[in-house]
Amino acid sequence: MKKGVIFDLDGTLWDACEAIADSWNEYLTKVRTDLKEFHLSVNEGDVRRLCGRTMDVFGDELFPQIPDEKVRRKLGEECCAYEVEYLKHSGGRIYPGVQETLERLREKYSLYIVSNCQVGYIKDFLTWSHTEDLFEDTEDYGTTLKAKDENIRMVIARNKIDQAVYVGDTVMDHKSAAKAGVPFIHCRFGFGRVEGVPGVDTFFQLPEVIASILE
């Protein structure tokens with residue numbers, strides 16, 4: 001029987017909110033100087049608030065002062081693309097215990113990542129965290145333009161996983177796991193609060209909780 005552990009990324013494996021905000025502000029001030037009149041800026045709290053949502057909403061949420069919806073959405077897409085290149089060099093803050101715990105889990109389970117991020121973002125994490133060889137497959141919204149629950153089901157199907165669990169940090173992650181028909185484990189150190197589900201306070205605690213669900 002093939003058992004899989006599928007991870008969310010932001011708030012679960014790392015926190016890149018500060019670097020993301022820095023990348024967007026750099027793009028807004030150095031590249032999109034034509035929008036200077038709108039006084040656009042992004043802070044870490046803005047990014048944290050939107051983490052877990054699909055990237056197509058970022059432009060509307062962060063730049064409401066721009067009256068043209070098409071311009072807002074295109075700007076959001078441009079910032080997301082710039083962010084991927086920026087994170088190749090700046091990275092994010094990997095949560096304590098991620099690499100060693102993933103190595104331990106890999107001995108018993110197949111590991112995956114499913115995130116609502118853009119194309120290239122997961123690759124940035126894998127490169128920065130030196131965990132490329134630990135994950136069997138990944139999927140993201142930028143590639144499929146599908147909801148997270150659909151991407152979870154897609155990963156389960158194409159990898160022929162018999163039993164799976166989804167590890168995330170927000171209510172949206174919990175709902176996506178439920179829609180995909182898989183159990184959920186809440187990372188309480190992340191960006192959101194989820195009540196009434198199994199959870200961990202540190203990444204080191206995951207193996208025991210996963211074992212209680214998949215065995």
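Structural data are supplied above this passage.
Below is a short write-up of the structure.

Cut-offs and rules
- Residues numbered from 1 in each chain as written.
- Predicted model: local features only at pLDDT ≥ 70, side-chain atom pairs only at ≥ 80, totals over all residues.
- Heavy atoms only, no water.
- Helix = DSSP H or I, 4+ residues; strand = E, 2+ residues; numbered from the N terminus.
- Rg over C-alpha atoms; globule rule 2.2 N^0.38 Å.
- Buried < 20%, exposed > 50% of the residue type's maximum accessible area, 1.4 Å probe, protein only.
- Contact = heavy atoms within 4.5 Å.
- Lys, Arg positive; Asp, Glu negative; His and termini not counted.
- Salt bridge = Lys/Arg side-chain N within 4 Å of Asp/Glu carboxyl O.
- Disulfide = S-S within 2.5 Å.

### As for the overall build of the protein
Okay, step 1: Each helix and strand counted, the protein has 10 helices and 8 strands in total.
Okay, step 2: Against the globule reference of 17 Å for 215 residues, the protein gives a C-alpha radius of gyration of 17 Å, in line with a compact fold.
Okay, step 3: Its C-alpha atoms put the protein at 60 × 30 × 30 Å along the principal axes.
Okay, step 4: By the burial criterion, 53% of the 215 residues in the protein qualify as buried.
Okay, step 5: Taking all contacts inside the protein whose residues are at least 6 apart in sequence as the whole, residues at least 24 apart take part in 67%.

### What about the environment of L111?
Okay, step 1: Counting through the fold element by element, L111 comes out in strand β4 (residues 110-115).
Okay, step 2: L111 sits in the buried class, given a relative accessible area of 0%.
Okay, step 3: Separated by 104 residues in sequence, L111 and F7 place their C-alpha atoms 7.7 Å apart.
Okay, step 4: Setting aside residues up to four positions removed in sequence, L111 forms contacts with V5, F7, L102, L105, R106, L134, F135, E136 and D137.

### Overview of the side chain of D169
Okay, step 1: When you line up the elements, D169 lands in the loop between β6 (163-168) and α9 (171-180).
Okay, step 2: K148 is the oppositely charged side chain nearest to the buried, salt-bridge-free D169, at an N-O distance of 6.6 Å.
Okay, step 3: Setting aside chain neighbours within four positions, we find D169 in contact with D8, D10, G11, T12, F184, H186, C187, G190, F191, G192, R193 and V194.

### Let's talk about the pattern of salt bridges
Okay, step 1: For the structure on display, the rule yields 22 salt bridges.
Okay, step 2: A salt bridge links D60 to R73; the shortest N-O distance between them is 2.7 Å. Residue D60 is found in helix α3 (residues 58-62), and its partner R73 is found in helix α4 (residues 69-90); the two are separated by 13 residues along the sequence.
Okay, step 3: Taking relative accessible area as the criterion, D60 reaches 22% and is therefore assigned partly exposed.

### Considering the state of the cysteines
Okay, step 1: Enumeration over the complete set of coordinates arrives at 0 disulfides.
Okay, step 2: Between C17, a free cysteine, and C51, which holds the nearest cysteine sulfur, the sulfur-to-sulfur gap is 3.9 Å.
Okay, step 3: Taking relative accessible area as the criterion, C17 reaches 1% and is therefore assigned buried.
Okay, step 4: Free of any disulfide, C80 has its nearest cysteine sulfur in C79, 7.2 Å distant.

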